[in-house]
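Geometric and topological summary
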Amino acid sequence: MKKAILVFCILTICHLSISAHASNLSRAVHAKQKPGLHVPAQETAEGLTRIYTNLGPKNDAYLGTDGWSITGFNSFGGSKNAFEIALPFTPKSNSHLSQVRAALQYDGSGSNQVNFSIYSDQGGTPGTLLAGPVTVTNLPNFPSCCTLAVAHFTPLALTGGTRYWVVANTPVSGQGSDFVGVWNWNYKIFPFAGSNGVNGWSAEIGDIWPAGAVLGTVP
């Protein structure tokens, strides 16, 4: 499949070239680095276990100044620039998902709210909707530190060794469809998926991981 190098920078302070499938649009946003900017992970909720996490240590949980752009169908770029991000995770054992925590922030445009959903896997991209969407409001401003977006789900049974996806996006229309935000990164080699909402999901491989955690109960 042909690939194109797309460059996207909302803040215009710095730039990053990203290799992406031509049928979709991958975007990165950056803020001016602030020395000493660390993002402590919030404590695990009482009674819940970490089913999956790629967050770093408490005082350096993720990169608070770099991330993937998430834009709604009615945001500044319109439907042609709508973009959603999905993070894969695989529980080690049978469990029940109750909560998602993500390093997702508001970039100052549109309604301050975003949706989180859980999907099955279909050939390396999100497949069938299993839970959600759950709307999270009042996200912290990008770039800033310390607060994770927390989405609460009705307990969802997960099968150990099976891949699932956490999807962050907006509704197609109405409240929240104009949201512009950033899902902050961790640096690792990983699979993820991107979609512009029109051409479907595309599997991607990169070294910048949307930072987050899945919590629940085991079994």
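Report follows, based on the coordinates. (Residues numbered from 1 in each chain as written. Predicted model: local features only at pLDDT ≥ 70, side-chain atom pairs only at ≥ 80, totals over all residues. Heavy atoms only, no water.)

Structural notes on the overall build of the protein
A tally of regular secondary structure across the protein gives zero helices and 17 strands. Burial analysis of the protein (219 residues in total) assigns 50% to the buried set. Pairs at least 24 apart in sequence give 72% of the contacts found in the protein among residues at least 6 apart. Counting only carbon and sulfur atoms, one obtains 53% of the accessible surface of the protein, whose full area is about 9,700 Å². (Helix = DSSP H or I, 4+ residues; strand = E, 2+ residues; numbered from the N terminus. Buried < 20%, exposed > 50% of the residue type's maximum accessible area, 1.4 Å probe, protein only. Contact = heavy atoms within 4.5 Å. Areas by Shrake-Rupley, 256 points an atom, 1.4 Å probe, with all protein chains shown as cover.)

Digging into the packing of aromatic side chains
A complete count under the given rule lists six aromatic pairs for this structure. With 6.1 Å between their ring centres and 40° between their planes, tyrosine 52 and phenylalanine 89 make a pair best called tilted. With tyrosine 52 in strand S4 (residues 49–53) and phenylalanine 89 in strand S6 (residues 84–89), the pair connects residues that are 37 residues apart, well separated along the chain. For the pair tyrosine 52 and phenylalanine 89, one class covers both residues: buried. With 6.2 Å between their ring centres and 20° between their planes, tyrosine 52 and tryptophan 209 make a pair best called stacked. Taken together, the positions of tyrosine 52 in strand S4 and tryptophan 209 in strand S16 (residues 209–210) put the pair 157 residues apart, joining distant regions of the chain. Grouping residues by exposure puts tyrosine 52 and tryptophan 209 together as buried. (Phe/Tyr/Trp six-rings, centres within 6.5 Å; stacked < 30°, edge-to-face > 60°.)

Comments concerning the sheet that holds strand S11 (residues 149–158)
Here four strands make up an open sheet; going across it, the order is S4-S17-S7-S11 and the pairing antiparallel. Edge strands, defined here as strands with exactly one partner in the open sheet, are S4 and S11. Pairwise comparison of adjacent strand axes, ignoring direction, gives a mean angle of 25° for this sheet. Note: S4 against strand S17 (residues 212–217), four bridges, orientation antiparallel. Across the sheet, arginine 50 pairs through a bridge with leucine 215, a residue of S17. (Pairing = 2+ DSSP bridges. Axes fitted to C-alpha atoms, helices over the stretch in contact; angles between N-to-C directions.)

Quick word on the environment of serine 173
Here serine 173 is to be found in the loop between strand S12 (164–169) and strand S13 (180–186). Residues serine 173 and asparagine 74 lie 99 residues apart in sequence; the distance between their C-alpha atoms is 7.0 Å.

Things to note about the nonpolar core
Within the largest apolar cluster, 35 residues are counted, with the highest numbers of intra-cluster contacts made by Leu97, Val100, Leu104, Phe116, Phe153 and Trp183. Residue contributions to this core peak at five residues, all from S11. Counting residues in each nonpolar core, the second largest holds eight residues, with Ala103, Leu148, Ala211 and Ala213 among its members. (Core = buried A, V, L, I, M, F, W, Y, C linked by side-chain atoms within 4.5 Å.)

Looking at unusual backbone geometry
With omega at -10°, the peptide bond leading from phenylalanine 142 into proline 143 counts as cis. Tracing the chain through its elements places proline 143 in the loop between strand S10 (125–137) and S11. Cis geometry is adopted by the peptide bond preceding proline 219, which originates at valine 218 and carries an omega value of -5°. Locating proline 219 in the fold gives a position in the segment after S17. In the Ramachandran plot, asparagine 138 falls in the positive-phi region, its phi being about 55° despite a non-glycine side chain. Of note, asparagine 138 is situated in the loop between S10 and S11.

A word on the environment of asparagine 196
Along the chain, asparagine 196 turns up in the loop between strand S14 (190–195) and strand S15 (202–206). In this structure asparagine 196 comes out as buried when scored by relative accessible area, which is 11%. Considering only alpha carbons, one finds asparagine 196 and asparagine 81, 115 residues apart in sequence, at a separation of 6.7 Å.

Considering the pairing of S13
Counted residue by residue, S13 has seven buried out of seven residues, so it is predominantly covered. The pairing of strand S5 (residues 63–71) with S13 spans six bridges and is classified as antiparallel. Within S13, the position partnered with glycine 67 by the bridge is asparagine 184. Of the pairings in the sheet, the one linking S13 to S16 comprises two bridges and is antiparallel in character. When the sheet's bridge partners are listed, asparagine 186 is paired in S16 with tryptophan 209.

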